[in-house]
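Reading the structure
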Amino acid sequence: MDGFDLTNKTNNTGTNVGSTDETTPRKTVEREQGKLFFYPIDGELPVIPGFESVVELYRKKREGHAMPSRKAITFQDLRGWHSSFFLIEFGKDLREGHMRILGETYKTLYGGELWQGMSVSETKSPSLQDIDDYFRELLTGPFIGRYKGYLPHVGREHVFADIMDVPVVDEEGTPRYLMSFIREIQRAKPAHRVVAKK
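Here goes a summary of the coordinates provided.

Reading the values: the criteria
Residues numbered from 1 in each chain as written. Predicted model: local features only at pLDDT ≥ 70, side-chain atom pairs only at ≥ 80, totals over all residues. Heavy atoms only, no water. Helix = DSSP H or I, 4+ residues; strand = E, 2+ residues; numbered from the N terminus. Contact = heavy atoms within 4.5 Å. Areas by Shrake-Rupley, 256 points an atom, 1.4 Å probe, with all protein chains shown as cover. Salt bridge = Lys/Arg side-chain N within 4 Å of Asp/Glu carboxyl O. Buried < 20%, exposed > 50% of the residue type's maximum accessible area, 1.4 Å probe, protein only. Pairing = 2+ DSSP bridges. Axes fitted to C-alpha atoms, helices over the stretch in contact; angles between N-to-C directions. Polar contact = N/O pair within 3.5 Å; in protein donor to acceptor, adjacent residues only side chain to side chain.

Some points on the overall build of the chain
The number of helices and strands found in the chain is 3 helices and 7 strands. N-terminal to C-terminal, the α/β element order of the chain is β-β-α-β-β-α-α-β-β-β. Pairs at least 24 apart in sequence give 56% of the contacts found in the chain among residues at least 6 apart. Of the accessible surface of the chain, which amounts to about 10,800 Å², a share of 49% is contributed by carbon and sulfur atoms.

Shown next, in the form of structure tokens:
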């Protein structure tokens, strides 16, 4: 199986939605700390700066289908993203999902609020209370999802993140998995104003 070098992710640069290099999302949802973007996966896949290598891997592993199989993407394929990755598996009715794999960077950026094996319903943050609806929309749309904004957890609001979520199918072709990739964006600190004494 071909391996992909995904180490060319750029963790310290920001991207602007609407830039000439980026695909315009089909739908944008304003959230308190940021924005959710929904990109269609029928036909050509979107250009999402910072995640080009992941989108290319997703494209190659589709093998003529709308979405790749979870088994088609190996852990070796995700080299360079292991610590910045998580995998959620949903039941066939998509009512509940569980984190099967949770990378260390994901865990750290969320301040320990996420853990391997946790269910989606266990997310306690009020800002994440509709996260299960977002995940279901990605699986049923289907869409590639993206969140750009501050992390909605107490004490983590200073962390600006760029997160991309992609749906993948089970062995029967049913969308039941989401693979998520996170990049922390270093934001420029506002310049301090110097007030001259009179």
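Structural notes on the pattern of salt bridges
Applying the stated rule across the entire model yields 16 salt bridges. For Glu137, the salt bridge is made with Lys27, and the minimal N-O distance between the two is 2.5 Å. Note that Glu137 is positioned in helix α3 (residues 131-140) and Lys27 in strand β1 (residues 27-30), a separation of 110 residues in sequence. Between Glu89 and Arg176 there is a salt bridge, with its nearest N and O atoms 3.6 Å apart. On the criterion of sequence distance, the pair formed by Glu89 in strand β3 (residues 85-90) and Arg176 in strand β7 (residues 175-185) is long-range, its members being 87 residues apart. For Arg176, a relative accessible area of 10% corresponds to the buried category. Salt bridges linked by common partners bring Glu22, Arg146, Asp162 and Arg183 together as one network.

Brief notes about the sheet that holds β3
Taken in spatial order, the 7 strands make up an open sheet running β1-β2-β5-β6-β7-β3-β4, and their pairing is antiparallel. The open sheet is flanked by β1 and β4 (97-102), the only strands paired with a single partner. Here the strands of the sheet are splayed against their neighbours by 20° on average, with no regard to which way each runs. Alignment of strand β2 (residues 34-40) against strand β5 (residues 143-150), held across 7 bridges, turns out to be antiparallel. Residue Phe38 lies in a different strand from β5, and its bridge partner there is Gly145. Relative to strand β6 (residues 160-169), helix α1 (residues 52-61) is tilted by about 5°, and along the sheet it contacts β5, β6 and β7.

Here's the deal with the pairing of β5
The element β5 is largely enclosed, with a buried count of 7 among its 8 residues. Both β5 and β6 contribute to a ladder of 6 bridges, which runs antiparallel. From the neighbouring strand, Lys148 faces β6, where its bridge partner is Asp162.

Here's the deal with the side chain of Lys61
For Lys61, the position within the fold is in helix α1. Using a relative accessible area of 8% as the deciding quantity, one classes Lys61 as buried. Of the polar contacts made by the side chain of Lys61, one reaches the side chain of Asp77; its length is 3.2 Å.

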